[in-house]
Amino acid sequence: MAKKAAVIRGDGIGPEVVDAMLSVLQECNLQSEIVMCEAGSEQWEKNSKRDETYIPDATMDELEHADACFKGPTTTLPIPNAPRSVAVTLRQKFNLYANIRPCSTFERLTPGRNLECVCFREATEGLYSGVEAQITPDSAIAIRKITRPGCARIVDASFAWARQHNMKRLVAITKRNILKMTDGIFWEEVLRASEQNPDIKVSEIYIDNMSQQLVIAPEQFNGAVLLSTNLFMDIISELVSGLVGSIGLIHSANMGDSYAMFEAAHGSAPDIAGQKKADPAATILAGAWMAEYLGEADIGGAVRAATKQVINEGKSVTADIGGTADTDKMAGAIASAALALLRK
Ligand code: NAD
């Protein structure tokens, strides 16, 4: 039976890049059923801001009845009493504890720099637990909640990825010299898993040094799984993304034990929304991963390879990576290349 994916187009450039991704998958004859639904700040404002969430009940219902979901970028308004981010809400609701961001350089964009690594971010705890308290009018605290089961499952997922992808190195990023208890639990779980995986070389690096090392000598992390808690890896994975050439190229998946949400790493980019300037690559790569997750690995593989080919050729690419094509033209080039690969 065909599987089903619920797709949120999102805010800002979201509809442009999500439509581009869907057109590529449809050209490749994706068999899975796609159900469109709304979420984000634009629909919230359109609906007179009446909900306490950016995700209407009807959308939540569709998401619950799908095998996976795709989330276009959504705007999170930085105003008091505005709802919580769609991504954070869905990660917690569906227990999508592993945010996985594969990062690979492209020959044309960063000649001489060859970096291929994957960022594993715990996505349900840490400083994103959403527990804050106002102590006095002039002071407030945020809780960095870290639990052993929460650490164990992301650590195990990262070692499993290393095994599946034949990666022999895992770098755990902490600030254990200062956060002795919270990062202490995290590191104990890394050591436990390391004993069970003796062929994978494990090292620990503090977040401040890691930031510096990534800037001065990123290649030293080639072939490594990078692993950390929620906020640390949110920042480090963005730094790694910057090394690849454009945030418009970086995709991710949020995986739980029985559900997954796929998305681009970038936001809703209000500065270029509605202009068809957005690079669709990240969204298309996330769509390829979703196709694989839904059991259509041939389409996923072809779209992935075609995206790489089009980016490296540089003839039909958007301005962020040196081209003059618009979003639809780049997606069209990827669809043609993917179809050619599927017909081989
Ligand atoms: P952003 O990623 O939207 O934009 C940062 C810069 O990158 C901008 O100059 C933008 O034009 C550019 N950019 C982003 N995507 C691009 C693409 N596909 N092609 C070409 N250029 C691209 O980050 P921001 O400006 O910090 O955030 C804007 C909004 O997005 C905020 O409301 C934020 O909360 C939200 N956001 C959402 C997600 C998500 O949904 N997962 C992630 C990050 C930010």
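Residues numbered from 1 in each chain as written. Predicted model: local features only at pLDDT ≥ 70, side-chain atom pairs only at ≥ 80, totals over all residues. Heavy atoms only, no water.

Another aspect to go through is the overall build of the protein chain. Assigned secondary structure in the protein chain consists of 11 helices and 12 strands. Since a compact globule built from 344 residues should have a radius of gyration of about 20 Å, the 20 Å found for the protein chain is in line with a globular shape. Taken over the C-alpha atoms alone, the protein chain extends approximately 55 × 50 × 40 Å along its principal axes. A burial count over the protein chain gives 54% of its 344 residues as buried. Sequence-distant contacts in the protein chain: of pairs separated by 6 or more residues, those separated by 24 or more amount to 74%. For the protein chain, the exposed surface amounts to about 15200 Å²; the carbon and sulfur share of it is 52%. Positive and negative side-chain charges of the protein chain, numbering 34 and 43 respectively, have mean locations separated by a distance of 4 Å. (Helix = DSSP H or I, 4+ residues; strand = E, 2+ residues; numbered from the N terminus. Rg over C-alpha atoms; globule rule 2.2 N^0.38 Å. Buried < 20%, exposed > 50% of the residue type's maximum accessible area, 1.4 Å probe, protein only. Contact = heavy atoms within 4.5 Å. Areas by Shrake-Rupley, 256 points an atom, 1.4 Å probe, with all protein chains shown as cover. Lys, Arg positive; Asp, Glu negative; His and termini not counted. Charge placed at Lys NZ, Arg CZ, Asp CG, Glu CD.)

Two numbers describe how helix H5 (residues 148-164) lies on helix H6 (residues 182-196): the axes approach to 9 Å, and their chain directions differ by 40°. On the basis of their axis angle, the class for H5 and H6 is oblique. Of the two elements, H5 crosses H6, and the hand of that crossing is right-handed. Contact residues: H5 offers Arg148, Cys151, Ala152, Val155, Asp156 and Phe159, while H6 offers Ile185, Phe186, Glu188, Glu189, Val190, Arg192, Ala193 and Ser194. Considered class by class, the residues forming the contact of H5 with H6 number eight nonpolar, one polar and five charged. (Axes fitted to C-alpha atoms, helices over the stretch in contact; angles between N-to-C directions. Parallel < 35°, antiparallel > 145°, perpendicular 65-115°, else oblique. Left-handed = near helix turned anticlockwise from the far one by under 90°. Nonpolar A, V, L, I, M, F, W, Y, C, P; charged D, E, K, R; others polar.)

With that out of the way, let us pick up the sheet that holds strand S4 (residues 98-104). Spatially, the 10 strands line up as an open sheet ordered S2-S1-S3-S12-S11-S4-S5-S10-S8-S9, and their pairing is mixed. Strands with a single pairing partner mark the edges of an open sheet, and in this sheet they are strand S2 (33-37) and strand S9 (201-206). The sheet shows a mean angle of 20° between the axes of neighbouring strands, direction not considered. In the sheet, strand S1 (residues 4-8) pairs with S2 via five bridges, with the strands oriented parallel. Bridged to Ala6 within S2 is Val35. Lying over the sheet, helix H1 (residues 14-27) contacts S1, S2 and strand S3 (68-71), oriented at roughly 155° with respect to S1. (Pairing = 2+ DSSP bridges.)

Let us now look at a nonpolar patch on the surface. Together, Val131, Ile135, Ile141 and Ile143 line one region of the surface with nonpolar side chains, adding up to about 330 Å² of accessible area. In this fold, Ile143 is placed in the loop between strand S7 (139-142) and H5. With a relative accessible area of 38%, Ile143 lands in the partly exposed category. (Patch = residues over 30% accessible without salt bridge, like charges linked within 9 Å, V, L, I, M, F, W, Y side chains within 5 Å. Salt bridge = Lys/Arg side-chain N within 4 Å of Asp/Glu carboxyl O.)

Looking at the secondary structure, you find Thr182 in helix H6. On the basis of relative accessibility, which here comes to 18%, the residue Thr182 falls in the buried class. A sequence separation of 35 residues divides Thr182 from Thr147, and the C-alpha atoms of the two residues are 7.9 Å apart. Separated by 2.7 Å, the side chains of Thr182 and Arg144 make a polar contact. (Polar contact = N/O pair within 3.5 Å; in protein donor to acceptor, adjacent residues only side chain to side chain.)

Moving on: the environment of Gln196. Relative to the helices and strands, Gln196 is located in helix H6. We classify Gln196 as exposed; its relative accessible area is 53%. The spacing of Gln196 and Phe159 is 37 residues in sequence and 9.5 Å in space, taken between C-alpha atoms. At 3.2 Å, the side chain of Gln196 and the side chain of Arg192 are in polar contact.

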